[in-house]
Amino acid sequence: MTRRGDPAGGDMPAHAPPGEGTQERFARRMLAERAAQLAARRDGNAMQGAPGRRMLVLDVGGRECCIDLDAVLRVTDPAWSDMPRRPDCPASVRGVYGYQGDLYTVFDLAMLLEEEAQPAPGAMILLRSVSSVPLARIALLAGAARGVMDIPATAPSVLPSGFPTAVLPGGRHVVVLDPVRLFSVRYSGV
């Protein structure tokens, strides 16, 4: 049996009518190649084209979280004062902290993320004022501040909290915190 070349990359029997099956295979191959090229271009753009956001990475009860560096005023040792509690004060409020004449409400970040209270927080993060939070002088307690990283993009959340996640260069997933969303329904200040 003689064979002739198939433009789709394979050989066809010589007795097959020209064009039967070859056009369909050729079209499928071309579509697959173009789909692969578009996917590679999309992945390349996501990696290179999207500039990373500078984020402060925190350890909160063994979970890695990050918060936009623009929202952070200062990172300091956890030093706060206890305060008399009102009956409507949420359990996540640990006390108050004075900084440059302003009084900050100190929240346990683990409790805001619906986890157990942190027994010995190692870092306190003072947040910049946010116009949409009524009393915007807020400090968050975390287990530790791990440092600052560029985090390229966030993915929709699969967490009950609804916060998006981001992938660190090592492949670890972190929760991306937004102060406005964090305090939109839970806020109670001094």
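Reading the values: the criteria
Residues numbered from 1 in each chain as written. Predicted model: local features only at pLDDT ≥ 70, side-chain atom pairs only at ≥ 80, totals over all residues. Heavy atoms only, no water. Helix = DSSP H or I, 4+ residues; strand = E, 2+ residues; numbered from the N terminus. Buried < 20%, exposed > 50% of the residue type's maximum accessible area, 1.4 Å probe, protein only. Contact = heavy atoms within 4.5 Å. Areas by Shrake-Rupley, 256 points an atom, 1.4 Å probe, with all protein chains shown as cover. Core = buried A, V, L, I, M, F, W, Y, C linked by side-chain atoms within 4.5 Å. Pairing = 2+ DSSP bridges. Axes fitted to C-alpha atoms, helices over the stretch in contact; angles between N-to-C directions. Salt bridge = Lys/Arg side-chain N within 4 Å of Asp/Glu carboxyl O. pLDDT = per-residue confidence, 0-100.

Student: What exactly am I supposed to notice about the overall build of the protein here?
Tutor: Looking only at helices and strands, one finds three helices and 13 strands in the protein. Out of the 190 residues in the protein, the part that is buried amounts to 34%. Across the protein, contacts joining residues at least 24 apart in sequence account for 51% of those joining residues at least 6 apart. Accessible area of the protein: about 11,300 Å², with a carbon and sulfur share of 54%.

Student: It is not clear to me how the nonpolar core should be interpreted in this structure. Could you clarify?
Tutor: One recurring pattern in soluble globular proteins is that nonpolar side chains are buried together. If you look at the biggest cluster of nonpolar residues, it comprises 25 residues, and the most contacted ones within it are L109 and L140. With sequence-adjacent residues up to four places away left out, L109 is seen in contact with L58, V60, Q118, L140, L141, L177 and L182.

Student: Would you explain the environment of P78 in this entry?
Tutor: On the secondary structure map, P78 appears in the loop between β5 (72-76) and β6 (93-99). Remark: the alpha-carbon pair of P78 and G122, spanning 44 residues in sequence, is separated by 6.2 Å. With near-sequence residues (within four places) excluded, P78 lies in contact with P121, G122, A123, M124 and L141.

Student: Whenever I open this one, the sheet that holds strand β8 (residues 123-127) confuses me. Can you help?
Tutor: Within a sheet, neighbouring strands are paired by backbone hydrogen bonds and run either parallel or antiparallel to one another. The strand order β5-β8-β9-β7-β6 describes an open sheet built from five strands, whose pairing is mixed. Bordering the open sheet on either side are β5 and β6, each of which pairs with just one other strand. Direction aside, neighbouring strands of the sheet carry axes that sit 25° apart on average. Relative to β8, β5 is paired through four bridges, and the arrangement is antiparallel. Its bridge partner lying in β8, V72 is registered against L127.

Student: Would you mind showing me how to read unusual backbone geometry here?
Tutor: With glycine set apart, most residues show a phi of negative sign, and most peptide bonds adopt trans. Backbone geometry places Q100, a non-glycine residue, at a positive phi of 50°. Relative to the helices and strands, Q100 is located in the loop between β6 and β7 (102-108). Within the chain, E114 stands out as a residue other than glycine whose phi angle is a positive 65°. Summarising the element assignment, E114 is placed in the loop between α2 (109-112) and β8.

Student: For this particular structure, what's the right way to read the pairing of β6?
Tutor: It is a general feature of regular strands that their side chains alternate between the two faces of the sheet. Along β6, six of the seven residues are buried, which leaves the element largely enclosed by surrounding structure. Relative to β7, β6 runs antiparallel, the two being bridged by six bridges. Among the inter-strand pairings, Y99 is bridged to a residue of β7, identified as D102. As consecutive antiparallel partners, β6 and β7 are separated by two residues, and within that stretch Q100 has a phi angle of approximately 50°, a positive value.

Student: How should the pattern of salt bridges be read in this particular structure?
Tutor: Should their charged atoms come close, side chains of opposite charge can pair. Applying the stated criterion to the full structure yields seven salt bridges. The residue D150 makes a salt bridge to R54 at a minimum N-O spacing of 3.4 Å. Of the two residues, D150 sits in strand β10 (residues 144-151) while R54 sits in strand β3 (residues 53-60), which places them 96 residues apart along the sequence. Residue classification places R54 among the partly exposed positions, given a relative accessible area of 44%. Salt-bridge contacts for D108 lead to R94; the nearest nitrogen and oxygen are separated by 2.7 Å. Of this pair, D108 sits in strand β7 while R94 sits in strand β6, and the two are 14 residues apart along the sequence.

Student: Is there a simple way to think about the pairing of β8 in this case?
Tutor: For β8, the buried fraction is high: five of the five residues fall into the buried class. The two faces of β8 match: A123, I125 and L127 on one face and M124 and L126 on the other face are all buried.

Student: Help me understand the confidence of the model for the protein, please; the structure alone is not making it clear to me.
Tutor: Any region with low pLDDT has predicted coordinates that should not be read closely. Averaged over every residue, the pLDDT of the protein is 75; residues scoring 70 or more account for 69%. β8 holds the highest mean pLDDT among the elements of the protein, 93, whereas strand β1 (residues 3-5) holds the lowest, 46. Here residues 1-16 is a poorly scored stretch, pLDDT under 50, and it has 30 contacts once near neighbours within four places are set aside; other chains count. Contacts of residues 185-190 to residues separated by more than four positions or lying in other chains number 24 contacts, the stretch itself having pLDDT below 50.

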